[in-house]
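# Architecture and fold: a report
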Amino acid sequence: MDDPLGMIVRFGLYLDLMILFGAPLFGIYSPQPADHRRAALHTLRALYAGAALVGLLLSALALAALTASMSGVPLLEVDWSAAAMLVRETSIGWAWLVRIAALGLFIIVVALSHPMRGPSAGLLTLLGGVALATLAWTGHGAMDEGLTGIVHVSADIFHLLAAGAWIAAIFALGTLLVRAHRSMSRDQAEYLHRALARFAAVGSIAVALLIVTGLVNSWVLVGLSGLATIGTNLYLQLLAIKLLLFIGMLALAALNRFRITPALEEALRRGDQTQALRRLRKSLVVEASLGVAILGLVAWLGMLMPPSAVG
């Protein structure tokens, strides 16, 4: 899957499955007010089911594109018997089957239960996490064997989950921010402030996991000797850009936590939160944009050979 379509499919899967994991998780540690839950139930069910269906579609397209790439034929001429063999006989195929099963169960749970209540939200988070974790077998970690392979795939899984928790929270907070800004309701603004405060702990854990697992992956894929080739190696150059964008997200997250969120709390005391909400909106828009750009780079990086594979 080394064509532009493959990169677009990978990007779509990363974003879609991260939201399917992180959105229910956000509902667990930042529960919605009761009146809002009743009003938004049908919309939320439709969004969750729609996102899971998109995940199924993208997964099917990814399998077809990978089979076509391995067979050296155009996508429209893919041999489905070869795709079936890929599913049965490779770790990528087994991971694909697990993802399909997790997404199918996700849709069933959404249809039969309240997706924002404790047990259902917990099950949806688990299923979304399983679906997201299967992407680790489509990356470079799946190429390693033995202890190195176990460590690498494990690091990839925790990296994906941490990123999903962060990315989905940004979009969820953005949704709450839009509601607070449109309604100009003090209650909505206060709930947004509580959600920001609760995300602070989860965000800190996510950042710590991203840093630790990122270092593990970089050590396995690049190593100290690989850094010397950064001037000629596209993989390293894209990885450096990804690191810079990540630092930018960290800076904005720190700004939100230590400046903007306290400023919103103070504004709520005064009864004039409009300016604080505008500052928060600008920060979240930039943070979300950086996150999406990072996912685009991750999708590209997954299609390139790291220094460890070419050296």
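Keep in mind that this is a model prediction, so the values were computed, not measured.

Rules used throughout
- Residues numbered from 1 in each chain as written.
- Predicted model: local features only at pLDDT ≥ 70, side-chain atom pairs only at ≥ 80, totals over all residues.
- Heavy atoms only, no water.
- Helix = DSSP H or I, 4+ residues; strand = E, 2+ residues; numbered from the N terminus.
- Rg over C-alpha atoms; globule rule 2.2 N^0.38 Å.
- Expected span 1.5 Å × (residues − 1).
- Buried < 20%, exposed > 50% of the residue type's maximum accessible area, 1.4 Å probe, protein only.
- Core = buried A, V, L, I, M, F, W, Y, C linked by side-chain atoms within 4.5 Å.
- Contact = heavy atoms within 4.5 Å.
- Phe/Tyr/Trp six-rings, centres within 6.5 Å; stacked < 30°, edge-to-face > 60°.
- Salt bridge = Lys/Arg side-chain N within 4 Å of Asp/Glu carboxyl O.
- Patch = residues over 30% accessible without salt bridge, like charges linked within 9 Å, V, L, I, M, F, W, Y side chains within 5 Å.
- Areas by Shrake-Rupley, 256 points an atom, 1.4 Å probe, with all protein chains shown as cover.
- Polar contact = N/O pair within 3.5 Å; in protein donor to acceptor, adjacent residues only side chain to side chain.

### A few points about the overall build of the chain
Along the backbone of the chain there are eleven helices and zero strands. Seen in sequence order, the chain has helices and strands lined up from the N terminus as α-α-α-α-α-α-α-α-α-α-α. Taking 311 residues into account, the globule formula puts the C-alpha radius of gyration at 19 Å, and the chain, at 21 Å, falls close to it. Seen along its three principal axes, the alpha-carbon backbone of the chain occupies a region of about 65 × 50 × 35 Å.

### A word on helix α4 (residues 91-112)
Here α4 spans 32 Å end to end across 22 residues, near enough to the 32 Å set by a 1.5 Å rise per residue. Residues of α4 that are buried: G93, A95, W96, R99, A102, L103, F106, V109 and V110.

### Digging into the nonpolar core
With 79 residues, the main nonpolar core has L173 and L192 as its most contacted residues. Secondary-structure elements contributing two or more residues to this core are α1 (4-29), α2 (34-71), α4, α5 (118-133), α6 (146-183), α7 (186-221), α9 (234-270) and α10 (274-301). Among the elements that line this core, the one with the most residues is α6, at 16 residues. In this structure, L192 is in contact with L173, L176, L177, A180, L264, L277 and L280, ignoring residues within four places of it in sequence. If you look at the next biggest cluster of nonpolar residues, it comprises six residues, including L63, L66, A83 and V87.

### Observations regarding the packing of aromatic side chains
The description of an aromatic ring pair uses the distance of the two centres, along with the angle that the planes make with each other. A full pass over the atoms with the stated rule returns three aromatic pairs. Taking 6.0 Å as the distance between ring centres and 75° as the angle between the ring planes, the aromatic pair formed by W166 and F246 counts as edge-to-face. Remark: F246 occurs in helix α9 and W166 occurs in helix α6; sequence separation between them is 80 residues. Note on F246: relative accessible area 16%, which makes it buried.

### Some details on the pattern of salt bridges
Where side chains of opposite charge bring their charged atoms close, a pairing between them can arise. Within this structure, the stated rule accounts for two salt bridges. Here R269 ties to E265 by a salt bridge, and the two come within 3.2 Å at their closest N and O atoms. Note that R269 and E265 are positioned in helix α9 at a spacing of four residues, about one turn of the helix. Judged by its relative accessible area of 56%, R269 falls in the exposed class.

### With respect to a nonpolar patch on the surface
Where nonpolar side chains cluster on the molecular surface, the patch consists of V98, L123, L126 and V130 and spans about 300 Å² of accessible area. If one sorts the elements of the nonpolar patch by residue count, α5 sits on top with three residues. Here V98 is to be found in helix α4.

### What to know about the side chain of N233
Along the chain, N233 turns up in the loop between α8 (223-226) and α9. In terms of polar contacts, N233 uses its side chain to reach the backbone amide nitrogen of L236, at 3.1 Å.

All we've got here are geometric facts, nothing functional implied.
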